[in-house]
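As a plain string of letters, each chain reads:
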Amino acid sequence: MLLLAAAFIVAFVLLLYMVSPLISPKPLKLPGAHVVVTGGSSGIGKCIAIECYKQGAFITLIARDENKLLQTKKEIEKYSVNDKQVVLCISVDVSRDYEQVENVLKQAQEKLGPVDMLVNCAGTSVTGKFEDIEVNAFERLMAVNYLGSVYPSRAVIATMKERRMGRLVFVSSQAGQLGLFGYTAYSPTKFALRGLAEALQMEVKPYNVYVTVAYPPDTDTPGFVEESKTKPLETKLISETSSVCQAEQVARVIVKDAIQGNFNSSVGSDGYMLSILTSGMSPVTSITEGLQQVVCMGIFRIVGLFYLGSFDSIVRRCMMQREKSESADKTE
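Procedures and definitions
- Residues numbered from 1 in each chain as written.
- Predicted model: local features only at pLDDT ≥ 70, side-chain atom pairs only at ≥ 80, totals over all residues.
- Heavy atoms only, no water.
- Pairing = 2+ DSSP bridges.
- Helix = DSSP H or I, 4+ residues; strand = E, 2+ residues; numbered from the N terminus.
- Axes fitted to C-alpha atoms, helices over the stretch in contact; angles between N-to-C directions.
- Buried < 20%, exposed > 50% of the residue type's maximum accessible area, 1.4 Å probe, protein only.
- Contact = heavy atoms within 4.5 Å.
- Parallel < 35°, antiparallel > 145°, perpendicular 65-115°, else oblique.
- Left-handed = near helix turned anticlockwise from the far one by under 90°.
- Nonpolar A, V, L, I, M, F, W, Y, C, P; charged D, E, K, R; others polar.
- Expected span 1.5 Å × (residues − 1).
- Core = buried A, V, L, I, M, F, W, Y, C linked by side-chain atoms within 4.5 Å.
- UniProt positions renumbered as here; feature names shortened; annotations may be inferred.

What follows covers the sheet that holds strand 5 (residues 166-171). A sheet is described by the order of its strands in space; here seven strands give the open sequence 3-2-1-4-5-6-9, paired in parallel fashion. Both edges of this open sheet fall to strand 3 (87-91) and strand 9 (264-266), since each of them pairs with a single strand only. With strand direction ignored, the average angle separating the axes of adjacent strands in the sheet is 15°. For strand 5 and strand 6 (residues 209-215), the ladder comprises six bridges, and the chain directions are parallel. Counterpart to phenylalanine 170 in the pairing with strand 6 is valine 213.

Glancing now at the environment of valine 94. Among the secondary structure elements, valine 94 is positioned in the loop between strand 3 and helix 4 (98-112). Among the residues examined, valine 94 registers a relative accessible area of 6% and is labelled buried. For valine 94 and alanine 185, which are 91 residues apart along the polypeptide, the C-alpha to C-alpha distance reads 19 Å. In this view, valine 94 contacts Thr38, Ile62, Val101, Ala122, Leu147, Gly148, Tyr151 and Pro152; residues no more than four positions away in its chain are not counted.

Contact geometry for helix 4 and helix 5 (residues 135-163): axes closest at 8 Å, N-to-C directions at 45°. Between helix 4 and helix 5, the angle falls in the class oblique. Pair helix 4 / helix 5 crosses with right-handed handedness. Between helix 4 and helix 5, the contacting residues are Tyr98, Val101, Glu102, Leu105 and Gln109 on the first element and Tyr151, Pro152, Arg154, Ala155, Val156 and Thr159 on the second. A class-by-class count of the residues in the contact of helix 4 with helix 5 yields seven nonpolar, two polar and two charged.

This paragraph deals with helix 6 (residues 187-204). Over its 18 residues, helix 6 runs 26 Å from end to end, which matches the ideal 26 Å to within 8%, given 1.5 Å per residue. Packed against the buried residues of helix 6 are helix 5, strand 5 and strand 6.

What follows deals with the nonpolar core. In this structure, Leu30, Val35, Ile48, Cys52, Ile59, Met117 and Val119 are the most contacted members of the largest nonpolar core, which totals 34 residues. Contributions of two or more residues to this core are made by strand 1 (34-38), helix 2 (43-54), strand 2 (58-63), helix 3 (66-77), strand 4 (117-120), strand 5 and helix 9 (247-260). Residues in contact with methionine 117, not counting those within four places in the same chain, are Leu28, Leu30, His34, Val35, Val36, Cys52, Met160, Arg167, Val169 and Ala258. Ranked by size, the runner-up nonpolar core spans 31 residues in total, among them Ile90, Leu105, Val209 and Tyr215.

This part takes up the pairing of strand 6. The two faces of the sheet receive side chains in turn, since in a regular strand these alternate between them. Of all seven residues that make up strand 6, seven are buried, and the element is covered over most of its length. Neither face of strand 6 is left uncovered, since the one carrying Val209, Val211, Val213 and Tyr215 and the one carrying Tyr210, Thr212 and Ala214 both have all their residues buried. Relative to strand 9, strand 6 runs parallel, the two sharing three bridges. Residue pairing across strands places tyrosine 215 opposite serine 266, the latter belonging to strand 9.

Residues given the UniProt feature "coiled-coil region" (unreviewed entry) here are residues 62-111. Helix and strand shares over residues 62-111 are 52% and 14% respectively, and the end C-alpha atoms of the span are 15 Å apart.

So, in C-alpha cells, the structure goes:
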C-alpha cells in the first residue's frame with residue numbers, strides 16, 4: 001500500500017512537470033528586443049542592462065544623472081554581440097512628471113521600436129528609527145520607489161496590450177516581503193509594488209503580457225553602500241544574518257525570470273523561502289510552482305518564526321544596552 005502511494009505521488013509530480021510547460025508563458029526572445037531600464041546608470045539596473053545587451057537586446061537607459069548615463073553607455077557597448085545594437089540614454093526623473101516620462105518613452109520607441117521589456121529599477125532608500133526619519137522622506141521614497149515605477153509602466157502598457165506581448169519588471173526588495181527594523185520609510189514603498197504587480201498581472205495576462213516582481217537581498221551597489229552609512233545598529237545586526245549578493249548575480253536571475261514570465265523572482269535560499277512564505281494570493285507561472293508553495297509553506301513558516309524570534313531578540317538586546325548606557329551617562 002505504501003509503495004502504491006509513493007508510486008502515485010511520483011507519477012503525479014512527473015505529470016505536473018510535463019503539463020506545466022503547456023501552461024507557462026512563451027519565453028521572450030531578447031535578440032533584437034527593445035529593453036528599457038529605469039535607474040539604469042548604476043547598481044542592479046546597470047547590470048540588468050548589460051545582461052540584456054549581452055543577449056542581443058537594444059537598450060534604453062533612463063536615469064537622472066546624464067554624466068553617469070553616458071559613462072554607463074560606454075561600459076555597456078563593450079558587450080555588443082552585433083553591429084546593429086544601440087544603447088539610448090535619456091536623462092529624466094521618472095517620479096516627477098508623468099507627461100514628461102510618457103514623452104521620452106514615445107521618443108525612445110520612435111528610435112528603437114516598441115518596448116518589449118520594461119525594467120523598473122529606479123529607487124532609493126532611507127533608514128532610521130520611525131521617529132527619527134524626516135516626514136518628507138516618506139513622501140519622497142513613495143514618489144521615487146512607487147510612482148517612479150507606475151509612470152513608466154503606464155506609458156508603455158497600452159502598446160504592449162495592443163501587440164499582445166511584453167514584460168514588465170518591478171524591482172522590489174526582500175524588505176518588500178518582510179518589514180524590518182529601520183525600514184519604516186522604505187519597506188512600505190516596496191510592499192506597494194507587489195500590490196500593483198498583482199493587480200496589473202490580472203489585467204494584462206489575457207493580452208500575453210507578464211509581470212515579474214523581483215525581491216533582491218542586500219546587494220553590493222553604490223546605493224547599498226550609502227544606505228549602510230546610516231543604518232541603525234539593530235538593522236546592521238539583522239542584516240548580518242544574510243550574505244550580500246553581487247549585482248551581476250541578481251541581474252542574471254531577474255532577467256532569466258522576466259524572460260520566462262515568472263511572477264516572483266528571488267535569489268538564494270533565503271529568497272526562495274521568503275517567496276514561498278509570502279506567496280499568499282500571488283499568481284503562479286506553473287503548476288509545479290504552486291505545488292512547491294503548498295508543500296513547503298508549513299515547514300518554512302516554522303523556520304521563519306525562528307528568524308523573527310532572533311530579530312526580536314536583537315532589537316530587545318540593543319534597546320537594553322542603549323538604556324543601560326544612557327543610565328550610566330546620567331549617573332556620571
